[in-house]
Amino acid sequence: MPIRKFAFVLKTLLVAAGLALIAGGPALALSDDEAKTLKDVNAYFNSVKTMNGDFVQFGPEGSQSDGKFYIARPGKVRFYYNPPAKLDIIADGKSVSVKDRKMATQDIWPLSQTPLRFLLADDIDLQKDTNITNVLVEDDLVTVTLTDQTTFNSGVLTLIFDAKTYELKQWTVRDAQGYETSVAVYNVVANGPTNPDLFKIDYLANARQGRD
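Residues numbered from 1 in each chain as written. Predicted model: local features only at pLDDT ≥ 70, side-chain atom pairs only at ≥ 80, totals over all residues. Heavy atoms only, no water.

**Structural notes on the overall build of the protein**
Heads up, the condition is: Secondary structure elements follow DSSP: runs of H or I of four or more residues count as helices, runs of E of two or more count as strands, with numbering from the N terminus. Relative accessibility under 20% of the residue-type maximum defines a buried residue, over 50% an exposed one, and the middle range a partly exposed one, all with a 1.4 Å probe and only protein chains included. Residue contacts are counted whenever heavy atoms from the two residues lie within 4.5 Å of one another. Throughout, the Shrake-Rupley method with a 1.4 Å probe supplies accessible areas, and for residues the shown protein chains are the sole cover considered.
In terms of helices and strands, the protein carries 5 helices and 11 strands. The buried share among the 212 residues of the protein stands at 46%. Long-range contacts, defined as pairs at least 24 residues apart, comprise 53% of the intrachain contacts of the protein with a sequence gap of at least 6. Split by element, the accessible area of the protein, about 10,500 Å² in all, is 52% carbon and sulfur.

**Quick word on the packing of aromatic side chains**
The line we're drawing: Any two of the Phe, Tyr and Trp rings considered here, Trp counted by its six-membered ring, make a pair once their centres fall within 6.5 Å; the pair's planes then place it as stacked at under 30 degrees, edge-to-face at over 60, or tilted in between.
Inspection of the entire model under this criterion finds 5 aromatic pairs. Ring geometry for Tyr-44 against Phe-45: centres 6.0 Å apart, planes inclined by 55°, an arrangement best described as tilted. Given the relative accessible area of 15%, Tyr-44 is considered buried. A relative accessible area of 6% places Phe-45 in the buried class. These aromatic residues form a ring-pair network of at least three members: Phe-55, Phe-69, Phe-79 and Tyr-81.

**Structural notes on the environment of Lys-68**
Inclusion rule: Polar contacts, as counted here, are pairs of nitrogen or oxygen atoms within 3.5 Å of one another; within protein the pair requires one atom able to donate a hydrogen and one able to accept it, and residues that are adjacent in sequence qualify only if both atoms are side-chain atoms.
Within the element layout of this structure, Lys-68 appears in strand E2 (residues 64-72). On the accessibility criterion, Lys-68 (35% relative accessible area) is partly exposed. Along the primary structure Lys-68 and Tyr-80 are separated by 12 residues, whereas in three dimensions their C-alpha atoms are 5.3 Å apart. Each residue touching Lys-68, except ones within four places of it in the same chain, is listed here: Gly-53, Asp-54, Phe-55, Arg-78, Phe-79 and Tyr-80. Within polar-contact distance, the side chain of Lys-68 engages the side chain of Asp-54 at 2.6 Å.

As structure tokens, this is what we get:
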């Protein structure tokens, strides 16, 4: 998979916790209410060590795909697209695998060189680790807008949280070309049991791939 496509996939899926970012630019001056809300969002994220659920992704040209995700912090995640999509993303604590099940190909990167390292960190701090440009606190929703200055690409992320539980409900990525991709998560279970086999990367697959 080309690096540009890999970056796009990571950005549209892995900012689920609003953490696939590197701080840059001046910090936004927050009101006391906004600062408290971000602190509560951070507290919620840091209380969740495992998470699983369903996602629906809407592409910039109207395409739609869905699948399931599983997270076990620190360091592990699985994003599995349902057919007809064939993508499968796994982080096992040290590496990230992006597998195309249709093409039977797999690309692997060090976890430390991808935005996933923020999502899967032990300690999460939105205000410290990201560049926030806007916070909107409403009765039912909290909307946080951030600029992404990662080494992969640049863009704007809009994250929507439940105002009472601080659970993530939806996010939208607008890339440097103005294209938007939205992802909604639902049926989310926090701190439930998880299967370690979900996060195993088949490293031998790359060796077999090279012989074909």
